[in-house]
Amino acid sequence: MAEEQVVKKKRVIDPNSAAYKLGQITNRNYTEAWEAKNRGEKIGWCSSNFPQELHRTLGVAVVYPENQAVAIAVRGAGERVCDEAEALGYSNDICAYARISNAYALNPNAPECDMPLPDFLLCCNNICKCMVKWYENVARELNIPIIMIDIPYNHYYDPTPEQIAYVGQQFRDAIRQLEELTGKKWHEKKFEEICRNTNATSKAMLRVADCLQYVPSPMAGFDLFNHMGVLITALGAPDSAPAFNQLADEMEQFVKEHKSTFRGEREDYRIMYEGIACWPHLKFTAKSLIAKNINVAATIYAVATVHIYDNFDDMIKSYFYIPGAMNLEQSRDRRIKLCKQNKVEGLLVHTNRSCKNWSGIMPEMSRQIGEACNIPVVAFDGDQADPRNFSEAQYETRVQGLMETMQARKEAK
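So, a few notes on the structure that sits alongside this text. Because the structure is predicted, anything quoted here is derived from the model rather than measured. (Residues numbered from 1 in each chain as written. Predicted model: local features only at pLDDT ≥ 70, side-chain atom pairs only at ≥ 80, totals over all residues. Heavy atoms only, no water.)

Section: helix H6 (residues 96-106)
Then comes step 1: Of all 11 residues that make up H6, 10 are buried, and the element is covered over most of its length.
Then comes step 2: Every buried residue of H6 is accounted for by Ala96, Tyr97, Ala98, Arg99, Ile100, Ser101, Asn102, Ala103, Tyr104 and Ala105. (Buried < 20%, exposed > 50% of the residue type's maximum accessible area, 1.4 Å probe, protein only. Helix = DSSP H or I, 4+ residues; strand = E, 2+ residues; numbered from the N terminus.)

Topic: the pairing of strand S6 (residues 294-298)
Then comes step 1: Summarising burial for S6: five of the five residues are buried, a large majority.
Then comes step 2: Inspection of the sheet shows strand S5 (residues 269-274) paired to S6 by four bridges, in the parallel sense. Among the inter-strand pairings, Ile271 is bridged to a residue of S6, identified as Val296.
Then comes step 3: Each parallel crossover has a hand, and for S5 linked through helix H13 (residues 282-291) to S6 it is right-handed. (Pairing = 2+ DSSP bridges. Right-handed = clockwise from strand over helix to strand, strands pointing away.)

So, the layout of surface pockets
Then comes step 1: In this structure, the second largest pocket spans a volume of roughly 620 Å³.
Then comes step 2: As for the second largest pocket, its lining consists of 23 residues, and the residues nearest its centre are Leu206, Ile300, Val303, Val306 and Arg334.
Then comes step 3: Secondary structure elements with two or more residues in the lining of the second largest pocket: helix H9 (188-210) and helix H15 (328-341).
Then comes step 4: Considering every element that reaches the lining of the second largest pocket, the biggest residue donor is H15, with five residues.
Then comes step 5: Its residues assigned to classes, the lining of the second largest pocket shows 14 nonpolar, five polar and four charged. (1 Å grid on protein atoms, 1.4 Å probe; cavity = no way out; pocket = protein on both sides within 12 Å on 5 of 7 lines; lining within 4 Å. Points joined across faces, edges and corners; volume = space filled by probe spheres on them. Nonpolar A, V, L, I, M, F, W, Y, C, P; charged D, E, K, R; others polar.)

Remarks on the state of the cysteines
Then comes step 1: For the coordinates displayed, the defined rule picks out zero disulfides.
Then comes step 2: In this structure Cys123 is not part of a disulfide, and its nearest cysteine sulfur, from Cys124, lies 7.1 Å away.
Then comes step 3: Not engaged in a disulfide, the cysteine Cys278 finds its nearest cysteine sulfur in Cys82; these two sulfurs lie 12 Å apart. (Disulfide = S-S within 2.5 Å.)

A closer look at empty space enclosed by the protein
Then comes step 1: Following the criterion strictly, the structure yields one cavity of 30 Å³ or more and no others.
Then comes step 2: One number sums up the size of the largest cavity: a volume of about 50 Å³.
Then comes step 3: Along its surface, the largest cavity is lined by Ser48, Asn49, Phe50, Gln52, Tyr64, Leu231, Ile232, Leu235, Thr305, His307 and Tyr319.
Then comes step 4: Per-class residue counts for the lining of the largest cavity are six nonpolar, five polar and no charged.

Side note on the sheet that holds strand S7 (residues 346-352)
Backbone hydrogen bonds hold the strands of a sheet together, and the pairing may be parallel or antiparallel.
Then comes step 1: The strand order across the open sheet formed by four strands is S6-S5-S7-S8, and the pairing between neighbours is parallel. Each edge of the open sheet carries a strand with a single partner, namely S6 and strand S8 (377-382). The average angle at which neighbouring strand axes cross in this sheet is 35°, direction not considered.
Then comes step 2: Relative to S7, helix H17 (residues 362-373) is tilted by about 175°, and along the sheet it contacts S5, S7 and S8. (Axes fitted to C-alpha atoms, helices over the stretch in contact; angles between N-to-C directions. Contact = heavy atoms within 4.5 Å.)

Let's talk about the pattern of salt bridges
Then comes step 1: Scanning the model with the defined rule gives 29 salt bridges in all.
Then comes step 2: Two residues, Arg266 and Asp268, come together in a salt bridge whose shortest N-O distance is 2.9 Å.
Then comes step 3: With a shortest N-O distance of 2.9 Å, Asp333 and Arg332 are connected by a salt bridge.
Then comes step 4: According to the relative accessible area criterion, Asp333 is partly exposed, its value standing at 28%.
Then comes step 5: One salt-bridge network, held together by shared partners, links Asp83, Glu86, Arg99, Asp386 and Arg388. (Salt bridge = Lys/Arg side-chain N within 4 Å of Asp/Glu carboxyl O.)

Observations concerning the pairing of S7
Then comes step 1: Among the seven residues in S7, six count as buried, and that is most of the element.
Then comes step 2: Examined bridge by bridge, S5 and S7 share four bridges and lie parallel to one another. Looking across to S7, one finds that Ile271 is bridged to Gly346.

A closer look at helix H12 (residues 240-257)
Then comes step 1: When the terminal C-alpha atoms of H12 are compared, their 26 Å separation across 18 residues agrees well with the 26 Å that a helix rising 1.5 Å per residue should span.
Then comes step 2: Regarding H12, the residues found buried are Ser240, Ala241, Ala243, Phe244, Gln246, Leu247, Ala248 and Met251.
Then comes step 3: Tucked into the core, H12 has its buried residues touching helix H2 (18-38), H9 and helix H11 (228-233).
Then comes step 4: Taken from the residues just after H12, His258 is the one with a positive phi, measuring 60°. (Expected span 1.5 Å × (residues − 1).)

By themselves these figures say nothing about function.
Structure, rendered in structure tokens:
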């Protein structure tokens, strides 16, 4: 028995598996940036939904502070780095990602996930408006340029022609600025190749996410969070789509063989997890659900950065359809569709203290989703990187209440 437990702990991953390949693709982002920096090239820090087609076409290396903050938080150092930021004068009310990033910019020492300092910044505000001030502050502290793309909040279901023209000109200006900053030149054929890769990767990831429709699901929904790094750092890379398609193939084979990566005894309940993962407590939040045989069968967050389009204007349009840039009605309807499609029985909402833009509309949105899908809704308090804003006892109580309500409804049927 003891030997079995040791083997379980190590969990050696098959290097031929899709999960291993996807992990290698994510790790490569940091390696390539360090190599470019050491060659004397200029490298950037980039917000997660800045149009990656631009810098990838130019062959410019960038790293993602949000990904770094996640890695620091998952590896248990979120509180330490947040404390460093607060000691520098950054308020505890600021997004934890922003605190971690600003602290690291002034003291680049995080053995949990070191990355090179930037020569320029690429910022897009379709995620949140805090991102603008976060990047402006880093630019000021390091005295480096910032390239900013402003994507207006989408009050309608679709952006207007005027909005697309406004953002399109910014895309063209960003290309020109990047050429001037880095000395690299734009090549239309390379751009077309990156766009093909982006579309292929996005479709492959959606194919993976669609596997959650099966009952029981061939995968644990929390597994999708592990692969988000590829969508952010390597959406346009040539090997991303094959790896995601391999993962989809593996999951479809699991369906045939009645297997699943879900570790519960069985899948008694299917829920939608709403919001950004509570990264510092990812293991606890997942294990609590597993112990109650609750599987996450739907999440919007894991596929928030996919982009599918046919042409340049269509590409611009796709950057309006980011969860942080869409109005309540469109955000709600997408979630209702996903809940019904994936046969969801309950909704678990992460009220994220850091992400006020996302969490601010959730009380009303989740109420409407619950009514439209006839499912119970519970929320718990947490944070995407600061572990101090989470209570294990509260989470357990809320999840237990959700499970009991789902069970009562099953019995009533």
